Amino acid sequence: MKEDYYEVLGISKSATAAEIKKAYRKKALQYHPDKNPGDSSAEEKFKKSAEAYEILSDADKKARYDQFGHSAFEGGGGGGFGGGGMNMDDIFSQFGDIFGGGFGGGGFGGFGGGGGQRRVKGSNLRIRVSLTLEEIANGVEKKVKVKRKVQAEGVTYKTCATCNGRGQVTKIQNTILGRMQTAAVCSTCGGSGQILDGKPGDADAQGLKVVEETVSINIPAGVEEGMQLKVPNKGNDAPGNGVPGDLLVAIETQEHSTLKREGDNLHYDLYVSISEAVLGTSKEIDAVGGKVRIKLEAGIQSGKILRLRGKGITSLNGYGAGDILVHVNVWTPKELNKEQREFFEKMQGNDNFEPKPEKSDKSFFEKVKDMFS
Ligand SMILES: [Zn+2]
């Protein structure tokens, strides 16, 4: 049982031509395949509303439908509506009068305004770019060599004779429903409206040849392994008046020898001797783009985490930067000479050497909790 055309468009039987058009426009935008990729129920609704509109927008067909219902259009042969419904090309060819010339430019890729040419897009190219932590921390401009197909010098195109440059072929059939017009992408030119005319010897069958080109890629700070950036129009050219594909850049990250990344923060393990911890010292640590000197107070505890604010990775969203977290590790000597051994033996039981954790000496777990808060 077929759904009632008025119900499909959500209108009453007394709807005016303008209301019918408006209702269809709304449904077509809602269920457009570009907006619902891979959703077959949306595609079905899209087709059903197109079919309903095709009938109800035509005064003759509408009158017949109102009188006889769906049976008016069944078994007639060749009408295109009875059994299989409309195909996508038929539907898109309707759009010219529904949406006007502005429709094609509205982001529904591939279908030119008012049913004109299709802008054929060249294929995308994919590369990988490997980045150091320093490059990620502040962003970097990378120049890479890319082998891409471009239109060969001296190549000429001529208007496709099959479609007269329209990119579509239109068929007009006389059926019981009246004159019907259907449009399909021209198979001679693939929809571009142009075909190769003359080409130099080094061009391929589409008039393209491979060249090596240096492409500059602006990589923002804060990117992560596995992210993909798009450089528009740096893929392969399309033949004729088409638009080039894109260059897709997959991000790979190199490990740093001492700094470990965690989101926008960096962790650094600092080892100090027992005497440095007791007496206090200053140490150079690795930071992105150079060394940073930090001061350790006398009596610093092993496990202390020092935070260098803003010295981490610049945030991908552009708001601020992470920190470097310096983890202090006091190195306990494993071997002692006689004199050293005597010193430490003498200190056993000495009050200054007895652990006296204060409130400020947070436990390891409390520090970890702080770090992530
Ligand atoms: Zn053609």
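Bear in mind the structure is a predicted one, so any value in this text is a computation, not a measurement. (Residues numbered from 1 in each chain as written. Predicted model: local features only at pLDDT ≥ 70, side-chain atom pairs only at ≥ 80, totals over all residues. Heavy atoms only, no water.)

Colleague: Describe helix α4 (residues 59–68), listing the residues and the values that go with them.
Modeller: An α-helix turns once every 3.6 residues. As a result, residues three or four positions apart point the same way. Among the residues of α4, those classed as buried are K61, K62 and Y65. An end-on view of α4 places all buried positions within 100° of arc, on one side of the element. Residues of α4 that are exposed and point over 90 degrees away from its buried face: A59, D60 and Q67. At its buried positions, α4 is contacted by α1 (5–9), α2 (17–31), α3 (40–56) and β5 (178–185). Here α4 starts with a cap whose side-chain oxygen sits 3.0 Å from the backbone nitrogen of D60, and that cap is D58. One or two positions beyond α4, positive phi appears at G69, with a value near 70°. (Buried < 20%, exposed > 50% of the residue type's maximum accessible area, 1.4 Å probe, protein only. Helix = DSSP H or I, 4+ residues; strand = E, 2+ residues; numbered from the N terminus. Arc of directions from axis to C-beta. Contact = heavy atoms within 4.5 Å. Polar contact = N/O pair within 3.5 Å; in protein donor to acceptor, adjacent residues only side chain to side chain.)

Colleague: So what's going on with the packing of α2 against α3? Which residues, and what values?
Modeller: Between α2 and α3, whose axes approach to 9 Å, the crossing angle comes to 160°. By the angle between their directions, the pair α2 and α3 is classed as roughly antiparallel. Crossing of α2 over α3 shows left-handed handedness. Listed contacts from α3 to I20, K21, Y24, K27, A28 and Y31 of α2 are A42, K45, F46, S49, A50, Y53 and L56. For the contact of α2 with α3, the per-class residue count stands at nine nonpolar, one polar and three charged. (Axes fitted to C-alpha atoms, helices over the stretch in contact; angles between N-to-C directions. Parallel < 35°, antiparallel > 145°, perpendicular 65-115°, else oblique. Left-handed = near helix turned anticlockwise from the far one by under 90°. Nonpolar A, V, L, I, M, F, W, Y, C, P; charged D, E, K, R; others polar.)

Colleague: Could you give an account of unusual backbone geometry, naming the residues involved and the relevant values?
Modeller: Although it is not a glycine, N164 adopts a positive phi angle of roughly 55°. As for its placement among the helices and strands, N164 is situated in the loop between β3 (156–159) and β4 (168–175). With a phi close to 65°, N233 is a non-glycine residue in the positive phi region. You can see N233 is positioned in the loop between β8 (228–231) and β9 (247–253).

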